[in-house]
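Coordinate inspection notes
So the chains spell out like this:
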Amino acid sequence: MADHNHSHFQHLYLVLAGIPGLEQKHHWMAFPLGALYVIALFGNGVIISTIKSDLSLHLPMYYFLCMLALADMGLALCTMPSMLGIFWFNYKSIDFDACLIQMYFIHTFSAIESGVLVAMAFDRIVAIWKPLRYSAILTNGVVCRTGAVILTRAVCVVFPVPFLIKRLPFYGSTLLSHSFCLHQDVMRLACASTHVNSLYGLIAVIFTKGLDSLSILLSYVFILRTVMAIASGEGRLKALNTCVSHTCAVLIFYVPLIGVSVIHRFGRHLSPLTHVLMANAYLLVPPVLNPIVYTVKTKEIRRKIIQIFVQTKITAGG
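Here the structure is a predicted model, which means the values were calculated and not measured.

Conventions and cut-offs
- Residues numbered from 1 in each chain as written.
- Predicted model: local features only at pLDDT ≥ 70, side-chain atom pairs only at ≥ 80, totals over all residues.
- Heavy atoms only, no water.
- Salt bridge = Lys/Arg side-chain N within 4 Å of Asp/Glu carboxyl O.
- Helix = DSSP H or I, 4+ residues; strand = E, 2+ residues; numbered from the N terminus.
- Buried < 20%, exposed > 50% of the residue type's maximum accessible area, 1.4 Å probe, protein only.
- Contact = heavy atoms within 4.5 Å.
- Polar contact = N/O pair within 3.5 Å; in protein donor to acceptor, adjacent residues only side chain to side chain.
- pLDDT = per-residue confidence, 0-100.
- Disulfide = S-S within 2.5 Å.
- UniProt positions renumbered as here; feature names shortened; annotations may be inferred.
- Phe/Tyr/Trp six-rings, centres within 6.5 Å; stacked < 30°, edge-to-face > 60°.
- Lys NZ or Arg CZ within 6 Å of the ring centre and 35° of its normal.
- Patch = residues over 30% accessible without salt bridge, like charges linked within 9 Å, V, L, I, M, F, W, Y side chains within 5 Å.
- Areas by Shrake-Rupley, 256 points an atom, 1.4 Å probe, with all protein chains shown as cover.
- Core = buried A, V, L, I, M, F, W, Y, C linked by side-chain atoms within 4.5 Å.

When the charged atoms of two side chains with opposite charge come close together, those side chains can pair. This model, assessed by the stated rule, comprises 4 salt bridges. A salt bridge links D97 to K166; its shortest N-O distance comes to 2.5 Å. Pair noted here: D97 is in helix α4 (residues 96-129) and K166 is in helix α7 (residues 160-166), with a separation of 69 residues, a long-range link. For D97, a relative accessible area of 38% translates into the label partly exposed. When the shortest N-O distance is used, the salt bridge between R188 and D185 registers 2.8 Å.

Here it is in structure tokens:
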């Protein structure tokens with residue numbers, strides 16, 4: 001009877017990890033980490049405000065970019081409290097339910113970002129294949145419905161995950177591998193069979209990231225075929241140039257994601273530091289680099305940032 005009760009005991013708190021082997025230097029890492037969050041939030045905030053205020057940017061491609069920026073801000077805000085808590089205040093405990101909530105939002109925003117990248121790929125197909133009918137095909141209604149489908153899919157697919165974790169008993173180790181809660185990481189601490197969790201996690205990944213990556217790949221095959229049919233070399237170069245920012249965003253998102261997935265499944269022999277760095281890259285690199293990429297490639301956004309910088313400098317000088 002005692003064993004039965006013990007098997008259903010649940011820890012109230014889990015312990016988050018910093019960077020293995022560098023615990024004594026966490027306070028030094030807090031400053032560059034804080035700077036990365038400032039860049040992510042400021043950069044994506046500027047993109048959203050610029051698109052909202054500039055009527056010339058009220059086009060489907062910029063609406064999708066706004067969705068991407070919102071997803072990036074969501075990812076950054078999900079991990080910021082626990083990451084800064086560890087590196088600024090050495091506070092590593094997290095309530096089990098809070099961990100599940102963080103895990104849900106991390107995976108939801110990740111699925112949203114993946115879906116937005118697919119929508120942006122479709123946007124590039126229409127812009128290159130049917131440029132004269134671009135506005136007629138991608139109307140505001142189509143963009144809104146696409147955004148609603150992306151959001152609904154992410155919310156519904158990830159929704160069962162916390163409940164599948166909640167049903168498991170946890171009475172062994174409480175130490176997580178990362179500075180935030182991921183499904184695979186929390187699941188490995190369970191003291192019971194996790195076959196259902198693993199199966200559903202695999203199905204969810206295939207239904208979101210798997211289908212999305214395949215759709216993006218097929219989109220670019222179609223785009224390349226369409227571009228190769230353009231007679232002039234200058235026209236082909238101009239068409240491909242419109243895809244550079246999106247291609248960078250896809251690589252920025254999927255390369256760390258694939259790396260984390262491979263390491264979790266086949267890299268158990270690797271050092272904990274490798275796991276931590278890959279997971280941090282997976283969640284921090286897209287929110288930080290996407291605004292930089294789109295700022296460099298979009299003169300309207302670049303002009304807005306220059307205006308903000310000049311106004312700030314004038315205010316500080318005054």
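Let us look at the environment of E113. Relative to the assigned elements, E113 resides in helix α4. E113 sits 92 residues away from V205 along the chain, and the two C-alpha atoms are 13 Å apart. Those residues in contact with E113, other than ones at most four positions away along the chain, are L68, A71, D72, L75, F253, P286 and N290. For E113, the side chain forms a polar contact with the side chain of N290, separated by 3.3 Å.

Counting all residues, the mean pLDDT for the protein is 86, and 92% of those residues have values of 70 or more. Looking across the protein, the model is least confident in helix α1 (residues 2-7), with a mean pLDDT of 44, and most confident in helix α6 (residues 140-158), with 96. Ignoring residues within four places in sequence, the model shows residues 1-9, a span with pLDDT below 50, making 5 contacts including any to other chains.

Turning to the side chain of H107, a few remarks are in order. By the secondary structure assignment, H107 is in helix α4. On the basis of relative accessibility, which here comes to 17%, the residue H107 falls in the buried class. A polar side-chain atom of H107 sits 3.0 Å from the main-chain amide nitrogen of H183. The residues touching H107, leaving out its near neighbours within four places in the chain, are V158, L182, H183 and Q184.

Looking now at the state of the cysteines. Across all of its chains, the model carries 1 disulfide by this definition. C99 shares a disulfide with C181; S-S distance 2.0 Å. One disulfide, between C99 and C181, carries an S-S torsion of -125 degrees and so falls in the left-handed class. With C99 in helix α4 and C181 in the loop between α7 and α8 (183-187), this pair connects stretches of sequence that are 82 residues apart. For the residue pair C99 and C181, the accessibility class agrees, reading buried in each case. Looking at the unpaired C66, the closest cysteine sulfur is the one in C144, lying at 11 Å. The exposure class of C66 is buried, given its relative accessible area of 16%. With no disulfide of its own, C156 lies 18 Å from the sulfur of C78, the closest cysteine sulfur.

This part takes up the UniProt feature "transmembrane region" (unreviewed entry) in the protein. As annotated in UniProt, the feature "transmembrane region" (unreviewed entry) corresponds to residues 28-50, 62-89, 101-122, 142-165, 199-223, 243-264 and 276-296 in the numbering used here. Strand forms 0% of residues 142-165 and helix 96%; the C-alpha atoms that close the span are 36 Å apart. With 100% helix and 0% strand, residues 199-223 has end C-alpha atoms that lie 34 Å from one another.

So, about the packing of aromatic side chains. We describe a pair of aromatic rings using the distance from one ring centre to the other and the angle between the two ring planes. A full pass over the atoms with the stated rule returns 7 aromatic pairs. Relative to W88, the ring of F31 lies with its centre 5.1 Å away and its plane at 70 degrees, an arrangement referred to as edge-to-face. One end of the pair, F31, is in helix α2 (residues 26-53); the other, W88, is in helix α3 (residues 60-89), with 57 residues separating them in the sequence. Overall, F31 belongs to the exposed group, its relative accessible area being 52%. Under the relative-accessibility criterion, W88 is labelled partly exposed at 39%. Put simply, the rings of Y104, F105 and F109 pair up and form one aromatic cluster. Over the face of the ring belonging to W129 we find K130, whose NZ or CZ atom lies 5.0 Å from the ring centre.

The next subject is a nonpolar patch on the surface. Taken together, the side chains of L36, I39, L289, I292 and V296 present a nonpolar region at the surface, about 400 Å² in accessible area. Only α2 and α12 (272-297) provide two or more residues apiece to the nonpolar patch. With 3 residues, α12 is the largest single contributor of residues to the nonpolar patch.

Ranked by size, the top nonpolar core spans 75 residues in total, and within it L65, L117, I165 and V186 carry the most contacts. Once you skip the residues sitting within four places of it in the chain, V186 turns out to touch L14, C99, M103, I165, F170, L176 and C181.

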